[in-house]
Amino acid sequence: MALALRNLQRAVPLRRARLRRALEALRAALGVQRFAVGVVCVDNERIRQINRIYRRKNAPTDVLAFPFHENLEAGEIPRPAFPGDYNLGDIFLGVEYIFQQRREDEDYYDLLTVTATHGLCHLLGFTHDTEAEWQKMHHKEKQVLKELGRRLGTRLQPLSRGLF
């Protein structure tokens, strides 16, 4: 199925081809390449609006995920009964926020990839509301990023700042 990647912001430059390659490799590493995923890159104002509406937090953030399948166990791959249900959901990447929060020695596209990994894990039922859930999600992200490294030659680590 398709990967829809949209860039709806002009705050920071974005080479979609590099991000798309990483997203396709992430889907393969997670074993969900048969599922459609939407990834939308937005600026601080748009991610703040979405965050305010859906999470009641009036601040920009790095990623928001909206799963198509509800009530998945963490890491469970959906088993759709209908062809139209081969959809994982949508991820909104706050690319301006990610760009502004990166450290000087961090690669922007690596951070986009790590943040997208986090969003994909949310689409597969992972959360980080408790320390136990965070540990499980963190472990899955490490596993996926290690597999991504094998496929693309990267050495990325999962998000860890301020998640629990």
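Residues numbered from 1 in each chain as written. Predicted model: local features only at pLDDT ≥ 70, side-chain atom pairs only at ≥ 80, totals over all residues. Heavy atoms only, no water.

- Under an unreviewed UniProt entry, the name given to the protein is YbeY metalloendoribonuclease, and the source organism is Catagonus wagneri.
- Recorded in UniProt for the protein, the comment headed Sequence similarities (unreviewed entry) runs: "Belongs to the endoribonuclease YbeY family." (UniProt positions renumbered as here; feature names shortened; annotations may be inferred.)

### Some thoughts on helix α5 (residues 131-152)
Then, number 1: If you check α5, its first and last C-alpha atoms are 31 Å apart, about what 22 residues at 1.5 Å a residue would give, namely 32 Å.
Then, number 2: Every buried residue belonging to α5 is among Trp134, Met137, His138, Glu141, Val144, Leu145, Glu147, Leu148 and Gly149, and all of these are buried.
Then, number 3: Once α5 ends, the next one or two residues include Gly153, with phi positive near 75°. (Helix = DSSP H or I, 4+ residues; strand = E, 2+ residues; numbered from the N terminus. Expected span 1.5 Å × (residues − 1). Buried < 20%, exposed > 50% of the residue type's maximum accessible area, 1.4 Å probe, protein only.)

### Considerations on the sheet that holds strand β4 (residues 87-94)
Then, number 1: Within the open sheet, the four strands sit side by side as β1-β2-β4-β3. Their pairing is mixed. Each end of this open sheet is capped by a strand with a single partner; those strands are β1 (3-7) and β3 (63-67). Each strand axis lies, on average, 10° off the axis of its neighbour in the sheet, ignoring direction.
Then, number 2: Sheet analysis places β3 next to β4, joined by five bridges and oriented antiparallel. Residue pairing for β4: Val63 is matched across the bridge by Leu93. (Pairing = 2+ DSSP bridges. Axes fitted to C-alpha atoms, helices over the stretch in contact; angles between N-to-C directions.)

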